[in-house]
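Chains, contacts and geometry: an overview
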Amino acid sequence: MAAASNLQSEDQFLCSICLDVFTDPVSTPCGHNFCKNCITEHWNTSDRCQCPMCKEVFTIRPDLRVNTFISEMVVQFRHSEQQVSKPGEVPCDVCTGTKLKALKSCLMCLASYCETHLEPHLTASRLKRHQLIDPVENLEDRMCTKHDKPLELFCKTDQTCVCMLCLVLDHKLHNVVPLKEEYKEKKAELGKTEAEIQQMIQKRRLKIQEIKHSVDLSEEDADREIAEGVQVFTALKESVERGQANLINTIKEKQKTTEKQAEAFIKELEQEISELKTRRTEVEQLSRSEDQLHLLQSVQSLKAAPPTKDWTEVSVRPSTYEGTVVKAVAQLEKTLNKEMKKLVAESELKRVQQYAVDVTLDPDTAHPELILSDDGKQVNDSDVRKNLPDNPERFSNHVNVLGKQSFSSGRFYFEVQVKGKTNWCLGVARESINRKGNITLSPQHGYWTIWLRDGNEYKALDVSRVSLSLKSQPQMVGVFVDYEERLVSFYDVDAAALIYSFTGCCFTEKLLPYFSPCFNDGGKNSAPLIISPVNQAE
């Protein structure tokens, strides 16, 4: 029975109306228990006085009184439900035996209280004036060691906490404020510091992401460079192997020629030897004859000696290979240099092509004579000036047009077909360039361009114009810009060759692609400039 009585559960102390632990529990005549306020409000809103549990009707409303036994049980239950203080938590200073966890500490009483023992501070008017804080240990540290008074003030001059006596005796002329005021100020400062620290943390997290992203990009660049390097060295290796094979074949061919010459001489000599042996046999037989008449008659009929070659000056000289290897290496070096330049140029072009962007022409900037395609990818001159609004963006004197897209950082690349044209000009320009009246194409005036004139005169319009000597006429021109490196480069896409580079450029604002198909010239230069998709296929 004792064991059973100790098995108290929360259900035993719940009001069936509010479903919470009893507050001021009362009993009805039928023996059921409710919170006093709950049953009172229930009957106040009901037509008849009835027990919510068993439905028994009371003709006269019962006089309800608090059930002291159940009330005490509820208090014990609440007490048992309070959390026992654990290591590291502040215990209640009033509890005897098992110390419960303190909910608040009082700076006036210098004590910490659990829920039960805190009740007077929440109800008694005298104690309500006490300052409660979240539970802390070592409350005696909050007392002035010199005057044994609460540390209620803060001396800004000495940056220390003081009591009221300290203010009067030791800090009279100092800047002293209530602890609460300094607390708010310091808390605000800490909040600001915390925000600054959080911002610093965030910046560093972003920097970590930036560094990781840079590492990823570096890894991609490394993989790409390795692949391109392997391709270049494989091609060079194949060239070396071809050069070696050619060298071996050349030497072997020389040796074969020497061997064939020697075989021909030997065959001829062996033929002469055979004929001489036959004559020697005839002479030997006749010389042995004892018949004088026969010998003399036979000598007359002896065959005349066959013609023989004078072999005194005849010899087979060993083939000379002096200089063969040197010539082969020289030729290989020439081939390798040519192939290496080609492969490096192709590799460089592939590198910049990865920064390809989609560029379209801006009709609001186009000179009135220009005709733009509907997709904004082609432009040519019509020799006919259209009546268009002379807005600030539009070129008025020169048949120019800019791209819609602008760039103020990073790298970008685009390609333009110039096939069939006798005159054209391409590049990039600052957003703030002069678009009215006469225009000077130069970096000082915000233009980085190259042009073709009269079908064969290529120039880079640098600080001073630079004539360009090209091995072939470009049909497709690539334009690459590295904003941070202050670089503008032009490429012959088909030949994978660099045409010209502007270095040390002064970029201070947005850059826009620049196009000039030049005048139609009576149809001689009617072909359009075409912004073409970049082919990055390996």
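Note that the structure is predicted; figures quoted are calculated from it, not measured.

1. With respect to the pairing of strand β10 (residues 378-381)
- Note: strand β9 (residues 370-372) against β10, three bridges, orientation antiparallel. When the sheet's bridge partners are listed, Ile 371 is paired in β10 with Asn 380.
- Here β9 hands over to β10 after five residues, with Gly 376 in that stretch at a positive phi of 70°.
- Pairing geometry for β10 and strand β21 (residues 529-532), over two bridges, is antiparallel. Among the inter-strand pairings, Val 379 is bridged to a residue of β21, identified as Leu 529.

2. Topic: the packing of aromatic side chains
- In total, this model carries eleven aromatic pairs according to the counting rule given.
- An angle of 40° between the planes, with centres 6.0 Å apart, marks the rings of Tyr 355 and Phe 480 as tilted. Here Phe 480 lies in strand β17 (residues 476-482) and Tyr 355 lies in the loop between α9 (324-353) and β9, a separation of 125 residues in the sequence.
- Note on Tyr 355: relative accessible area 19%, which makes it buried.

3. A short note on the sheet that holds β9
- If you trace the seven strands from one edge of the open sheet to the other, you get β9-β10-β21-β12-β17-β18-β19, paired in antiparallel fashion. In the strand order of this sheet, the two ends are held by β9 and β19 (497-502), each with one partner. Mean inter-strand twist for the sheet, computed between neighbouring axes without regard to direction, equals 20°.
- Across the sheet, α9 is in contact with β12 (411-417), β17, β18 (487-492) and β19; its angle to β12 comes to roughly 110°.

4. Observations concerning a positive patch on the surface
- A cluster of like positive charges, contributed by Lys 334, Lys 338, Lys 341, Lys 342 and Lys 471, occupies part of the molecular surface.
- Relative to the assigned elements, Lys 334 resides in helix α9.

5. Describing unusual backbone geometry
- A positive phi is found at Asp 148, a non-glycine position, where the angle reads about 55°.
- By the element assignment, Asp 148 lies in the loop between β5 (132-133) and β6 (153-155).
- Judged by its relative accessible area of 56%, Asp 148 is exposed.
- The phi torsion at Gln 159 lies on the positive side, around 55°, for a residue other than glycine.
- Looking at where Gln 159 falls in the secondary structure, it is placed in the loop between β6 and β7 (160-162).
- For Gln 159, a relative accessible area of 47% puts it in the partly exposed group.

6. A short note on a nonpolar patch on the surface
- Taken together, the side chains of Leu 165, Val 168 and Leu 169 make up a nonpolar region of the molecular surface, amounting to roughly 270 Å² of accessible area.
- With respect to the helices, strands and loops of the structure, Leu 165 is situated in helix α6 (residues 164-169).
- With relative accessibility at 35%, the residue Leu 165 sits in the partly exposed group.

7. Regarding the nonpolar core
- Counting 36 residues, the largest nonpolar core has Trp 424, Val 488 and Phe 515 as the members making the most contacts within it.
- Non-local contacts of Val 488, meaning those with residues more than four positions away in its chain, are made with Val 428, Trp 448, Phe 480, Val 481, Tyr 500, Ser 501, Phe 502, Cys 505 and Phe 507.
- Among the nonpolar cores identified, the runner-up in size contains 17 residues, and Val 26, Phe 34, Cys 38 and Val 74 belong to it.

8. Digging into the sheet that holds strand β11 (residues 401-402)
- Read across the sheet, six strands follow the order β11-β20-β13-β14-β15-β16 without closing on themselves; strand pairing throughout is antiparallel. Of all the strands in the sheet, the pair left with one neighbour each is β11 and β16 (465-468).
- Both strand β14 (residues 447-453) and strand β15 (residues 457-461) contribute to a ladder of four bridges, which runs antiparallel. Looking at the pairing, Trp 451 lines up with Lys 459 of β15.

9. Here's the deal with the side chain of Ser 396
- Positionally, Ser 396 belongs in the loop between β10 and β11.
- Among the polar contacts made by the side chain of Ser 396, one reaches the main-chain amide nitrogen of Gly 437 at a distance of 3.2 Å.

10. Some thoughts on a negative patch on the surface
- On the surface, a cluster of negative charge is made up of Asp 216, Glu 219, Glu 220 and Asp 223.
- In this structure, Glu 220 sits in helix α7 (residues 179-287).

11. Overview of the packing of α7 against α9
- It is at 10 Å that the axes of α7 and α9 come closest, and there the two elements cross at 160°. One finds that α7 runs roughly antiparallel with respect to α9. Regarding α7 and α9, the two cross each other, and that crossing is right-handed.
- Tallied by class, the residues present in the contact of α7 with α9 amount to twelve nonpolar, five polar and seven charged.

12. Thoughts on the pairing of β17
- Taken across its seven residues, β17 has seven buried, putting it largely inside the fold.
- Residues Met 476, Gly 478, Phe 480 and Asp 482 point to one face of β17 and Val 477, Val 479 and Val 481 to the other, with burial holding for every one of them.
- Bridge analysis of β12 against β17 gives seven bridges, and the strand direction is antiparallel. The partner of Tyr 413 across the bridge, within β17, is Phe 480.
- Here β17 runs beside β18; their pairing, made up of six bridges, is antiparallel. Across the sheet, the residue bridging to Val 477 is Asp 492, located in β18.
- Here β17 folds back onto β18 in antiparallel fashion, the turn holding four residues, of which Arg 486 has a positive phi close to 55°.

What counts and what doesn't
- Residues numbered from 1 in each chain as written.
- Predicted model: local features only at pLDDT ≥ 70, side-chain atom pairs only at ≥ 80, totals over all residues.
- Heavy atoms only, no water.
- Pairing = 2+ DSSP bridges.
- Helix = DSSP H or I, 4+ residues; strand = E, 2+ residues; numbered from the N terminus.
- Phe/Tyr/Trp six-rings, centres within 6.5 Å; stacked < 30°, edge-to-face > 60°.
- Buried < 20%, exposed > 50% of the residue type's maximum accessible area, 1.4 Å probe, protein only.
- Axes fitted to C-alpha atoms, helices over the stretch in contact; angles between N-to-C directions.
- Contact = heavy atoms within 4.5 Å.
- Patch = residues over 30% accessible without salt bridge, like charges linked within 9 Å, V, L, I, M, F, W, Y side chains within 5 Å.
- Areas by Shrake-Rupley, 256 points an atom, 1.4 Å probe, with all protein chains shown as cover.
- Salt bridge = Lys/Arg side-chain N within 4 Å of Asp/Glu carboxyl O.
- Lys, Arg positive; Asp, Glu negative; His and termini not counted.
- Charge placed at Lys NZ, Arg CZ, Asp CG, Glu CD.
- Core = buried A, V, L, I, M, F, W, Y, C linked by side-chain atoms within 4.5 Å.
- Polar contact = N/O pair within 3.5 Å; in protein donor to acceptor, adjacent residues only side chain to side chain.
- Parallel < 35°, antiparallel > 145°, perpendicular 65-115°, else oblique.
- Left-handed = near helix turned anticlockwise from the far one by under 90°.
- Nonpolar A, V, L, I, M, F, W, Y, C, P; charged D, E, K, R; others polar.

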